[in-house]
Amino acid sequence: WTSDIDFYSTHRAERSIRRADIVMMMFDASEPIGKVDKQLIESIVEQQKPVVLVVNKWDLYAGDVERSEWSQYLRDTFRSMPWAPIAFVTAQTGRNVKAAIDTAQRLFRQSQARVPTAALNTIIHAATQGNHPPADHRGRPVRIYFATQIATAPPTIMLSTSSPQSITAPYKRYLLSSLRKQAPFTEVPIKLIIRGRKTGA
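Residues numbered from 1 in each chain as written. Predicted model: local features only at pLDDT ≥ 70, side-chain atom pairs only at ≥ 80, totals over all residues. Heavy atoms only, no water.

Draft legend 1. Spotlight on the sheet that holds strand β5 (residues 156-161). Strands sit in the order β4-β5-β6 across an open sheet of three strands; the sheet is mixed. Bordering the open sheet on either side are β4 (144-151) and β6 (191-196), each of which pairs with just one other strand. Going from strand to strand, the sheet's axes swing by 25 degrees on average, the running direction of each strand aside. Here β4 pairs with β5 via six bridges, running antiparallel. Bridge assignment links Thr148 to a residue of β5, and that residue is Met158. Here helix α6 (residues 117-130) sits on the sheet in contact with β4 and β5, set at roughly 135 degrees to β4. Contacting β4, β5 and β6, helix α7 (residues 169-182) crosses the sheet at an angle of about 125 degrees to β6. (Pairing = 2+ DSSP bridges. Helix = DSSP H or I, 4+ residues; strand = E, 2+ residues; numbered from the N terminus. Axes fitted to C-alpha atoms, helices over the stretch in contact; angles between N-to-C directions. Contact = heavy atoms within 4.5 Å.)

Listed below in structure tokens is the structure:
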């Protein structure tokens, strides 16, 4: 019975994640992070949804555990989203709930933000000057011609390059980190699409 309940509640939660603009992922301060929590976080990452990691029942355990310890526990467990904000609340009394909701609203604004093409290209140019793209299969330098934002929720940036297949996963992460520092998408997922010059038109 328990496994059936877990299955259906997880299925319903995953459906809600797909429909959500912002996800508020709740954790019980008295419980370790479980298998279902990890499954749901995987769905959030896959769907590229902004998320607030919310630790509930904090008033019962605040004296025993430092916020920094729980924050580090979350960061260590969910390494794929170091940018996601963390909130500590007591839902039963409403303590800090408004602040958590305010954070969710901030993420919604970030997910809807648009950056002008000129500003994006300034960010990408500075990033490539600081750390050049990898060479292509012939050993030639890869050129990034331009960047443009083509969608929101998640903010989606398209790069036109001389060799899309040469832009490695680590270099993509570097570019995303540069965008997150300079563009108004500091706490939300960013989608990066790499295209060749001909297909990017």
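Draft legend 2. Spotlight on helix α4 (residues 67-77). Within α4 the residues assigned to the buried category are Trp70, Ser71 and Leu74. Along α4, the residues classed as buried sweep out an arc of 100 degrees about the axis, all on the same side. Contact partners of the buried residues in α4: β1 (23-28), β2 (51-56), α3 (58-61) and β3 (86-88). (Buried < 20%, exposed > 50% of the residue type's maximum accessible area, 1.4 Å probe, protein only. Arc of directions from axis to C-beta.)

Draft legend 3. Highlighting the nonpolar core. Ile124, Ile157, Leu159, Leu175, Leu179, Phe185 and Leu192 are the most contacted members of the largest nonpolar core, which has 30 residues in total. Residue assignment for this core shows that the elements contributing at least two residues are β2, α5 (97-112), α6, β4, β5, α7 and β6. Once residues within four sequence positions are removed from consideration, Leu179 is found in contact with Leu120, Ile123, Ile124, Ile157, Ile190 and Leu192. Core analysis: the second largest hydrophobic core is formed by 21 residues, Ala20, Met25, Val51 and Phe88 among them. (Core = buried A, V, L, I, M, F, W, Y, C linked by side-chain atoms within 4.5 Å.)

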